[in-house]
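Here are the chains, one letter per residue:
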Amino acid sequence: MKVSLVIPAYNEEAYIGACIEAALRLDSFSEIIVVDNASTDNTALAAGRYDRVRVVREEEKGTNAARARGLLEATGEFVAFVDADTHVPADWLIKAEREFQKSPHVVALSGPYAYYDGSGPERLFMSLVWWFSAPLTYRVVGYMILGGNFIARKSALLAMGGFDKRFLFYGDDTDIARRLSGQGKVVFKMDFKGYSSLRRFRSQGFVRTSVLYGLNFLWPVLFRKPYTAGHGGERGAVDAATLKAIAVSLLFFCGGVLAWSAADPTLRSVPLGVFYTLLVFNTFFSVRLFSRVISPTDPIQILVDLGLCFLYAGLVLSFTVPAFFLLITAFLFVVATAKYAFLLGKIDHPKLLKRKILVDLLGAFGALGTLIFFSIEKGALSLWIFAIGFAIANFLLFTVWPLYRLDTEVS
């Protein structure tokens, strides 16, 4: 394999040397290209000390702009990309060659990070994060790439149109994986590791940074854009409202999955499962939005939210009893309606609250109407109408009539 190694680098004077030395020890790359991405330190000087390294300057900031320049400069049949703080292990290219030889349909190979710094507990935590998230996510989504640790066929990278420079930092690797998957098979293997630094996690917090990267993986999959704007020098943070929304929706989702898997397969109602999944999705955006405008210490709101949690638990326990499920759903929407009606005049978003009240009232009437049809032996059809109607309503709420965005109120 003729492999060009591209290392994008922005102000990486302290790390670039060790990255290059690890690559040189392999003695198998046909060329090593360091793309100095408008650095203001001595990154170019530090990289230029090595005879086999070519340094090119790219003034347009952003990881994908740097990768695009590297792809333009690369002469190899394959192009590998690693971050400037990443060390490739001795068997990295051997594993890559073995994977590409298995099938001509494989266009890219990537894997997780292991970490060479930080304490033992910190490295263990990050290892568990990778093992619990990456294999399942890759299986569900069908593609995954870690931008600082992957290799791809140059022909496939060119065929997909190169790198999208609109992705300045966050979400760039997910966009690459998604678009490469249209050219062939994107493989993600847990034993194809790159060794990286924990510096970002240590400076921003392990849980917060993990959530941030998780969101910026999902957003390009769902919406074709990153969750967080900005380039590598402008790292964003996850606010408290988003963290609360993630915690609540994950709790409800996991509870639903456990209840569904434990139920007798003959009693599982598919439309109710569809509705519940959409409800959890809807809950994330609702909690995130209203947590930004409602005081988290308001005792009445805390009590109402606890009541809503109990109703969610009732939904989880009633998957196999559609009539009970529909009744609890109606109560859920009624309680939510009362919550937002109580807030009228208390917060500065009356238009937003009125829209939310209307939506929840329609949800309550929809659940009760479905329950009536279910009672007159039109159950299966009415459940599907209810689930599809809820799906259409959510589509409208996120596109035509964007309810869950504060900027609709500001404008």
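Residues numbered from 1 in each chain as written. Predicted model: local features only at pLDDT ≥ 70, side-chain atom pairs only at ≥ 80, totals over all residues. Heavy atoms only, no water.

Student: Honestly, the packing of helix H11 (residues 270–290) against helix H14 (residues 350–375) in this entry has me stumped. Any pointers?
Tutor: The relative placement of two packed helices comes down to the angle between their axes together with the axis-to-axis distance. Contact geometry for H11 and H14: axes closest at 13 Å, N-to-C directions at 155°. In terms of their interaxial angle, H11 and H14 are classed as roughly antiparallel. Taken as a pair, H11 and H14 cross one another with a handedness that is left-handed. The residues of H14 that touch H11, namely those facing Asn282, Ser286, Leu289 and Phe290, are Leu352, Leu353 and Lys356. Residue composition of the contact of H11 with H14, grouped by class: 4 nonpolar, 2 polar and 1 charged. (Axes fitted to C-alpha atoms, helices over the stretch in contact; angles between N-to-C directions. Helix = DSSP H or I, 4+ residues; strand = E, 2+ residues; numbered from the N terminus. Parallel < 35°, antiparallel > 145°, perpendicular 65-115°, else oblique. Left-handed = near helix turned anticlockwise from the far one by under 90°. Contact = heavy atoms within 4.5 Å. Nonpolar A, V, L, I, M, F, W, Y, C, P; charged D, E, K, R; others polar.)

Student: For this particular structure, what's the right way to read the pairing of strand E4 (residues 78–82)?
Tutor: Here is the key point about a regular strand: its side chains alternate between the two faces of the sheet. Across the 5 residues that make up E4, a large majority, 5, are buried. By the alternation rule, side chains of E4 split into Phe78, Ala80 and Val82 and Val79 and Phe81, which are all buried. For strand E1 (residues 3–9) and E4, the ladder comprises 4 bridges, and the chain directions are parallel. Residue pairing for E4: Leu5 is matched across the bridge by Ala80. (Buried < 20%, exposed > 50% of the residue type's maximum accessible area, 1.4 Å probe, protein only. Pairing = 2+ DSSP bridges.)

Student: How should unusual backbone geometry be read in this particular structure?
Tutor: With glycine set apart, most residues show a phi of negative sign, and most peptide bonds adopt trans. Within the chain, Asn11 stands out as a residue other than glycine whose phi angle is a positive 50°. Residue class for Asn11 comes out partly exposed when judged on its relative accessible area of 28%.

Student: Before we go on, may I ask you to explain the side chain of Asp85 in this structure?
Tutor: Positionally, Asp85 belongs in the loop between E4 and helix H4 (92–102). Accessibility expressed as a relative area gives 1% for Asp85, which makes it buried. Filtering out sequence-adjacent residues up to four positions away, Asp85 remains in contact with Tyr15, Tyr116, Tyr195, Ser196, Ser197, Arg199 and Arg200.

Student: Please explain the confidence of the model for the protein chain as it appears in this structure.
Tutor: Low pLDDT marks stretches whose predicted atomic positions should not be read closely. The predicted model of the protein chain has a mean per-residue pLDDT of 86, with 92% of residues at 70 or higher. Model confidence for the protein chain, summarised as mean pLDDT per element, is weakest for helix H16 (residues 407–410) at 44 and strongest for E4 at 97. Taken as a whole, residues 231–237 scores under 50 in pLDDT and shows 17 contacts with residues more than four places along the chain or in a different chain. (pLDDT = per-residue confidence, 0-100.)

Student: Even after reading the chapter, I still don't get the environment of Gly194, so can you show me in this structure?
Tutor: Mapped onto the elements of the fold, Gly194 is located in strand E9 (residues 194–196). A residue is classified by how much of its surface remains accessible, and Gly194, at 0% relative accessible area, is buried. In the structure, Gly194 is positioned 111 residues away from Asp83 in sequence and 9.3 Å away in space, judged by C-alpha atoms. If we skip the residues at most four places from it in the chain, Gly194 touches Thr86, His87, Pro112, Tyr113, Ala114 and Asn149.

Student: Help me out: how do you make sense of a nonpolar patch on the surface in this one?
Tutor: The grouping of Val270, Val274, Leu358, Leu362, Trp384, Ile388, Ile392, Phe395, Leu396, Val400 and Trp401 at the surface amounts to a nonpolar patch, some 1,000 Å² of accessible area in total. At the level of secondary structure, the elements contributing two or more residues to the nonpolar patch comprise H11, H14 and helix H15 (379–398). Looking at the nonpolar patch element by element, the count peaks at 5 residues for H15. Looking at where Ile388 falls in the secondary structure, it is placed in helix H15. In this structure Ile388 comes out as partly exposed when scored by relative accessible area, which is 47%. (Patch = residues over 30% accessible without salt bridge, like charges linked within 9 Å, V, L, I, M, F, W, Y side chains within 5 Å. Areas by Shrake-Rupley, 256 points an atom, 1.4 Å probe, with all protein chains shown as cover. Salt bridge = Lys/Arg side-chain N within 4 Å of Asp/Glu carboxyl O.)

Student: I would appreciate a short explanation of the layout of surface pockets in the present structure.
Tutor: Rolling a probe over the atoms, with the probe sized like a water molecule, indicates the empty space that remains. Here the second largest pocket is characterised by a volume of approximately 840 Å³. Forming the walls of the second largest pocket are 40 residues, and the residues nearest its centre are Asn282, Ser286, Ala336, Lys356 and Asp360. Put simply, the parts of the chain that give the lining of the second largest pocket at least two residues each are helix H10 (240–262), H11, helix H12 (299–317), helix H13 (322–342), H14 and H15. Looking at which element gives the most residues to the lining of the second largest pocket, the answer is H15, with 8 residues. (1 Å grid on protein atoms, 1.4 Å probe; cavity = no way out; pocket = protein on both sides within 12 Å on 5 of 7 lines; lining within 4 Å. Points joined across faces, edges and corners; volume = space filled by probe spheres on them.)

Student: Sorry, what's going on with the sheet that holds strand E3 (residues 53–57) here?
Tutor: What links the strands of a sheet is backbone hydrogen bonding, and the strands pair in either a parallel or an antiparallel sense. Here we have 7 strands laid out as an open sheet, ordered E3-E2-E1-E4-E7-E5-E8, and mixed in their pairing. One side of each edge strand has no neighbouring strand; the edge strands of this open sheet are E3 and strand E8 (185–188). Mean inter-strand twist for the sheet, computed between neighbouring axes without regard to direction, equals 20°. When strand E5 (residues 106–110) meets strand E7 (residues 149–153), the two strands line up antiparallel, connected through 3 bridges. Across the sheet, Leu109 pairs through a bridge with Ile151, a residue of E7.

Student: For this particular structure, what's the right way to read the packing of aromatic side chains?
Tutor: Note on aromatic pairs: each is described by the distance of the centres and the angle between the planes. Counting across every chain of the model gives 21 aromatic pairs. On the basis of an interplanar angle of 55° and a centroid distance of 4.6 Å, the ring pair of Phe275 and Phe390 is categorised as tilted. Within this pair, whereas Phe275 is found in helix H11, its partner Phe390 is found in helix H15, the two being separated by 115 residues in sequence. The two residues Phe275 and Phe390 agree in class, both being buried. Between Tyr276 and Phe319, the ring centres sit 5.2 Å apart and the planes meet at 70°, which makes this aromatic pair edge-to-face. On the criterion of sequence distance, the pair formed by Tyr276 in helix H11 and Phe319 in the loop between H12 and H13 is long-range, its members being 43 residues apart. Take Tyr276: its relative accessible area is 3%, and that puts it in the buried class. (Phe/Tyr/Trp six-rings, centres within 6.5 Å; stacked < 30°, edge-to-face > 60°.)

Student: What's the story with the pattern of salt bridges in this structure? I'm lost.
Tutor: Pairing is possible between side chains that carry opposite charge, provided their charged atoms lie close to one another. Evaluated as defined, the whole model comprises 19 salt bridges. Across the salt bridge formed by Arg54 and Glu31, the nearest N and O atoms sit 3.1 Å from each other. Here Glu31 lies in strand E2 (residues 31–36) and Arg54 lies in strand E3, a separation of 23 residues in the sequence. The partly exposed category is assigned to Arg54, whose relative accessible area is 32%.

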